[in-house]
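Analysis of the macromolecular model
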Amino acid sequence: MDTEALDELAGQLRGEALGGRGLLQLAAATGLAAYAVWAAVLMPGFRRVPLHLQVPYLPSSAQQVANVMALLRGRSGKTADLGSGDGRLVLEAHKQGLRPAVGYELNPWLLWFAKYRAWKAGCHGQVSFLKQDLWKANLSDCYNVTVFLAPSVKPPLAAKLLAELPDEARVVAGRFPFPSWTPSSTLGQGLEQAWAYDMKEVRRMARCGGTPGVTA
Ligand SMILES: C[S@@+](CC[C@H](N)C(=O)[O-])C[C@H]1O[C@@H](n2cnc3c(N)ncnc32)[C@H](O)[C@@H]1O
């Protein structure tokens with residue numbers, strides 16, 4: 001038997017060893033490993049959150065933070081960042097006099113990092129990072145709410161905010177607007193854009209069946 005024939009035979013044997021069942025096992029193992037990385041590293045703490053409501057971590061850019069904060073300038077009262085990541089929006093809110101400033105986050109690594117950042121910024125004990133599912137948080141005493149979350153969760157989030165926030169509350173969304181709400185103002189372009197919504201106006205427009213636009 002020559003070398004070429006031997007190589008062919010070896011190839012056939014390898015193929016047979018893996019076979020259909022082997023390929024299936026390999027695919028299952030790869031899927032399981034990918035899920036383990038997703039669950040343990042990227043989304044720890046999210047076991048009880050339905051998959052369609054899970055939003056991965058992506059920090060706001062410096063310009064995005066500046067735009068969100070500019071849309072909250074001159075305001076006061078309790079401020080919450082829904083899905084606070086490393087705490088950058090909460091810390092900026094506190095520095096801007098929006099107090100108390102609270103972040104809701106489920107990822108324990110990010111919670112730890114946010115607390116470390118607060119300590120480093122000299123804000124230890126003055127801001128709160130709560131390990132709480134934002135969908136279960138009671139927002140009825142929040143007057144300023146910041147959200148940088150995926151477009152897919154905006155409709156259920158809009159329903160929650162409409163049901164819970166006081167009329168005087170302002171919601172500022174970074175990067176993705178609320179598709180069915182009319183913003184009071186907006187700042188920035190492209191990925192840095194942020195939209196401000198005043199709940200009283202959002203409710204008024206909803207009653208009138210208004211189409212989205214900018215009211216100011
Ligand atoms: C796109 S990141 C935004 C982080 C931060 N707000 C910022 O602007 O830099 C979304 C964050 O929401 C968190 N998150 C997603 N779903 C959540 C939930 N149900 N409860 C609490 N936090 C959640 C994620 O862990 C992630 O850190």
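Computed from a prediction, not measured in an experiment: that's the story for all the values here.

**Let's talk about the overall build of the protein**
Each helix and strand in the protein was counted, giving 6 helices and 7 strands. The buried share of the protein, taken over its 216 residues, is 41%. In the protein, the share of contacts with a sequence separation of at least 24, taken over all contacts with a separation of at least 6, comes to 64%. Element-wise, carbon and sulfur atoms account for 61% of the exposed surface of the protein, whose accessible area totals about 12000 Å².

**A word on the site of the ligand**
Taken together, 23 residues form the shell around the ligand, and within it S60, D81, G83, E105 and D133 come nearest. The contact in question runs from an oxygen atom of the ligand to an N or O atom on the side chain of S60, over 2.5 Å. Take G83: an N or O atom from its main chain is 2.7 Å from a nitrogen atom of the ligand. For the ligand, the accessible surface in isolation is 600 Å², of which the surrounding protein chains cover 98%. At the level of secondary structure, the elements contributing two or more residues to the shell around the ligand comprise α3 (88–95) and β2 (101–105). Grouping the amino acids of the shell around the ligand by side-chain chemistry returns 14 nonpolar, 5 polar and 4 charged.

**Describing the sheet that holds β2**
Pairing is mixed across the open sheet formed by 7 strands, whose spatial order is β3-β2-β1-β4-β5-β7-β6. Taken across any chain shown, the strands that pair with only one partner, and hence form the sheet edges, are β3 (127–131) and β6 (185–187). Averaged over neighbouring strand pairs, the angle between their axes works out to 20° when direction is ignored. Looking at chain direction, strand β4 (residues 144–147) and strand β5 (residues 170–174) are connected through 4 bridges and run parallel. From the neighbouring strand, V145 faces β5, where its bridge partner is V171.

**Comments concerning unusual backbone geometry**
A negative phi angle is the norm for most residues apart from glycine, just as the trans form is the norm for most peptide bonds. The step from R99 to P100 runs through a cis peptide bond, and the omega angle for that step is -5°. Along the chain, P100 turns up in the loop between α3 and β2. Within the chain, R175 stands out as a residue other than glycine whose phi angle is a positive 70°. Here R175 lies in the loop between β5 and β6.

**Re the nonpolar core**
The biggest cluster of nonpolar side chains holds 31 residues, and the ones touching the most others in it are L82, L161, V171 and F178. Going through the elements one at a time, β1 (79–82), β2, β4, α5 (154–164), β5, β7 (194–198) and α6 (199–208) are the ones with two or more residues in this core. For this core, the element with the most residues is α5, which contributes 3 residues. Aside from chain neighbours lying at most four places away, what touches V171 is V145, V147, L161, L165, F178, W181, W195, A196, Y197 and M199.

Calculation rules
- Residues numbered from 1 in each chain as written.
- Predicted model: local features only at pLDDT ≥ 70, side-chain atom pairs only at ≥ 80, totals over all residues.
- Heavy atoms only, no water.
- Helix = DSSP H or I, 4+ residues; strand = E, 2+ residues; numbered from the N terminus.
- Buried < 20%, exposed > 50% of the residue type's maximum accessible area, 1.4 Å probe, protein only.
- Contact = heavy atoms within 4.5 Å.
- Areas by Shrake-Rupley, 256 points an atom, 1.4 Å probe, with all protein chains shown as cover.
- Near = heavy atom within 4 Å.
- Polar contact = N/O pair within 3.5 Å; in protein donor to acceptor, adjacent residues only side chain to side chain.
- Nonpolar A, V, L, I, M, F, W, Y, C, P; charged D, E, K, R; others polar.
- Pairing = 2+ DSSP bridges.
- Axes fitted to C-alpha atoms, helices over the stretch in contact; angles between N-to-C directions.
- Core = buried A, V, L, I, M, F, W, Y, C linked by side-chain atoms within 4.5 Å.

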